[in-house]
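Reading the structure
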Amino acid sequence: MALKNKNIVEDRFERKYTFNHNDINIIVNNLFTSHLLFRFDHPKRDINSIYFDNNFNNLIDNLEGISDREKYRLRWYNNSSKIKDFYIEKKIKKNFLSKKIRQKYSLNNEVLINNVQDLSKLFYEYIDSKYEPIVSVHYERLYLISSIYNIRATIDYNIYSRKFISNNLLKEKFFNKNIVLEIKYKKELDEIFRKEVKSLNLRFSKSSKYVNSIVENPISISL
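My aim in this report is to walk through the structure given alongside it, one point at a time. Every value quoted in this text rests on a predicted model; they were computed, and no experiment measured them. (Residues numbered from 1 in each chain as written. Predicted model: local features only at pLDDT ≥ 70, side-chain atom pairs only at ≥ 80, totals over all residues. Heavy atoms only, no water.)

Within the structure shown, the criterion is met by 12 salt bridges. With a shortest N-O distance of 2.9 Å, Asp190 and Arg194 are connected by a salt bridge. Separated by 4 residues within a single helix, Asp190 and Arg194 lie in helix α4 (residues 190-196), roughly one turn from each other. For Asp190, a relative accessible area of 13% translates into the label buried. Connected through salt bridges with shared partners, the residues Arg12, Glu14 and Lys91 form a single ionic network. (Salt bridge = Lys/Arg side-chain N within 4 Å of Asp/Glu carboxyl O. Helix = DSSP H or I, 4+ residues; strand = E, 2+ residues; numbered from the N terminus. Buried < 20%, exposed > 50% of the residue type's maximum accessible area, 1.4 Å probe, protein only.)

A separate point is the nonpolar core. One finds Leu31, Ile151, Ile155, Leu181, Ile183 and Phe193 to be the most contacted residues of the largest nonpolar core, which totals 22 residues. Mapped onto this core, the elements with two or more residues apiece are β1 (7-20), α1 (24-33), β7 (132-146), β8 (152-165) and β11 (178-186). With residues near it in sequence (within four places) discarded, Phe193 still touches Arg15, Tyr17, Leu36, Ile151, Ile183 and Tyr185. Tyr72, Ile83, Leu107 and Ile113 belong to the second-largest nonpolar core, a separate cluster that totals 18 residues. (Core = buried A, V, L, I, M, F, W, Y, C linked by side-chain atoms within 4.5 Å. Contact = heavy atoms within 4.5 Å.)

Counted by the stated rule, this structure contains 12 aromatic pairs. Summarising the aromatic geometry, the rings of Phe32 and Phe40 are spaced 5.2 Å apart at their centres and angled 75 degrees between planes, so their arrangement reads as edge-to-face. Assessed through its relative accessible area of 31%, Phe32 is described here as partly exposed. Owing to a relative accessible area of 43%, Phe40 belongs among the partly exposed residues under this scheme. Arranged with centres 5.9 Å apart and planes meeting at 70 degrees, the rings of Phe123 and Phe164 form a pair that is edge-to-face. Here Phe123 is found in helix α3 (residues 116-126), whereas its partner Phe164 is found in strand β8, with 41 residues between them in sequence. (Phe/Tyr/Trp six-rings, centres within 6.5 Å; stacked < 30°, edge-to-face > 60°.)

Functional significance is not addressed by these values, which are geometric in nature.
In structure tokens form, the structure reads like this:
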């Protein structure tokens, strides 16, 4: 899946932590009062992603703990029911470092995600044919940044997913009751983060919305 005129987010750490959805106000307060002095960066928005896989190879690599792996997704913002401006993204992970390659596209006409014909045409035009859509994942996101260092945090909540069967997006929604805190920073800030993160009292956890949407709400596949 080659991306032309691409925008590259260079290697960075992406530390993830999961919590009960009732703890969101506590988490925000802890970020504000930590040694890193987080503050809101810009308004929250709705995130929508369709994840693609090739014979579930990306899923298997994640479950087996392969350190070098990648995944593809189509991402758009706000209105979850239709797509007009979107990104095709490739996420590359090597150990704990992540890189993101993304390309923006705009459609002349909106595509409704419940319209199987239009959605299939969108996939055919923009996604390598060896990849197929597996799930769509939707959530709200808060954005924060440290007042001291270039360390960013996002909080994702009200997470739900829908499965694809033969390019057809099913109506059934699977709700994830957790919220996900993700802290992102360049590798040269790792020593500083490890020192200051103690004031946040966090415990790192492995979390992938793509993997969770399948493992916790299984699709009938043969691995």
